[in-house]
Amino acid sequence: ELILANYARSLIEASLDPLFTISLRGKITDMNNASVDIISISREKIIGTDFFSYFTEPQKAREVYKEVFAKGSVADSPLTLRQINGKLTDVLFNGSVYKNDEGKVLGAVVVARDSSEQKWAIELRKANKELAYQNDEKEKRAAELIIANKELVFQNDEKGKRAAELILANNE
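Residues numbered from 1 in each chain as written. Predicted model: local features only at pLDDT ≥ 70, side-chain atom pairs only at ≥ 80, totals over all residues. Heavy atoms only, no water.

Peer 1: Kindly report on the pairing of strand β2 (residues 28-31), identifying the contributing residues and their values.
Peer 2: Strand direction decides the pairing type here: strand β1 (residues 19-23) and β2, joined by three bridges, are antiparallel. Bridge pairing links Thr-21 to Asp-30 in β2. Between β1 and the antiparallel strand that follows it, β2, lie four residues; Gly-26 among them carries a positive phi value of about 85°. (Pairing = 2+ DSSP bridges. Helix = DSSP H or I, 4+ residues; strand = E, 2+ residues; numbered from the N terminus.)

Structure, rendered in structure tokens:
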């Protein structure tokens, strides 16, 4: 049993992402060191606490948790974890239920992947699209101005010709 327990612990700790096991009542029953690091509270103080209280939107976290039990799993649900010092970390919440040998659901295993860099990249992509759109609009305006300038040159030439004709007509 000790060998199996150590094996299970090594699997949990192998995840670089925060990993929690949550009871049917929403209490944290276990977690890996990445979870301790992201929340900045010791394992002893976290175990037995309300899982939802570590998110900026506890109700939204609760809804995603309920979805895990309703569907058996969820993937990529965006949430924000709050550290004890107030630092916020955007995460993608992935979870699935775990069962005993008889198939009875015992709780959920949740992984919270840090999505801060991904969110930054998405915002950067949006900004780049906006800049590209603005550049396209400027190029269209520049093309319109080139056409307008050619028209003005043509009109000025025509006015010059008309003025020359009027001078000739006046002289006659």
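Peer 1: Which residues make up the side chain of Thr-89, and what values do they have?
Peer 2: With respect to the helices and strands, Thr-89 occurs in strand β4 (residues 88-99). Overall, Thr-89 belongs to the buried group, its relative accessible area being 4%. Apart from residues no more than four positions distant in its own chain, Thr-89 is found in contact with Ile-38, Leu-79, Thr-80, Leu-81, Asp-114 and Ser-116. (Buried < 20%, exposed > 50% of the residue type's maximum accessible area, 1.4 Å probe, protein only. Contact = heavy atoms within 4.5 Å.)

Peer 1: Could you give an account of unusual backbone geometry, with specific residues and numbers?
Peer 2: You will see that Ser-40, though not glycine, has its phi angle at about 65°, which is positive. Along the chain, Ser-40 falls in the loop between α2 (33-39) and α3 (43-46). Take Ser-40: its relative accessible area is 38%, and that puts it in the partly exposed class. One non-glycine residue, Asp-76, lies in positive phi territory at about 55°. Note on placement: Asp-76 falls in strand β3 (residues 73-82). Asp-76 gets classed as partly exposed once you look at its relative accessible area, which sits at 49%.

Peer 1: Got a sec to walk through the nonpolar core? Specific residues and values, please.
Peer 2: Of all hydrophobic cores here, the largest spans 26 residues; its most connected members are Ile-28, Phe-51, Phe-55 and Phe-93. Looking at this core, the elements that each hand over two or more residues are β1, β2, α2, α4 (58-71), β3, β4 and β5 (105-114). No other element matches the four residues that α4 contributes to this core. Among residues more than four places away in sequence, those in contact with Phe-51 are Phe-20, Ile-22, Gly-26, Ile-28, Phe-93 and Val-110. (Core = buried A, V, L, I, M, F, W, Y, C linked by side-chain atoms within 4.5 Å.)

Peer 1: A description of the packing of aromatic side chains should follow, citing residues and the corresponding values.
Peer 2: Counting across every chain of the model gives seven aromatic pairs. On the basis of an interplanar angle of 75° and a centroid distance of 5.9 Å, the ring pair of Phe-51 and Phe-52 is categorised as edge-to-face. Pair check on accessibility: Phe-51 and Phe-52 agree, each one buried. The interplanar angle of 75° and the centroid separation of 4.8 Å between the aromatic rings of Tyr-65 and Phe-69 together place this pair among those described as edge-to-face. Of the two residues, Tyr-65 and Phe-69 are both situated in helix α4; the distance of four residues between them amounts to about one turn of the helix. Ring pairing ties together the aromatic residues Phe-20, Phe-51, Phe-52, Phe-55, Tyr-65, Phe-69 and Phe-93, which thus form one cluster. (Phe/Tyr/Trp six-rings, centres within 6.5 Å; stacked < 30°, edge-to-face > 60°.)

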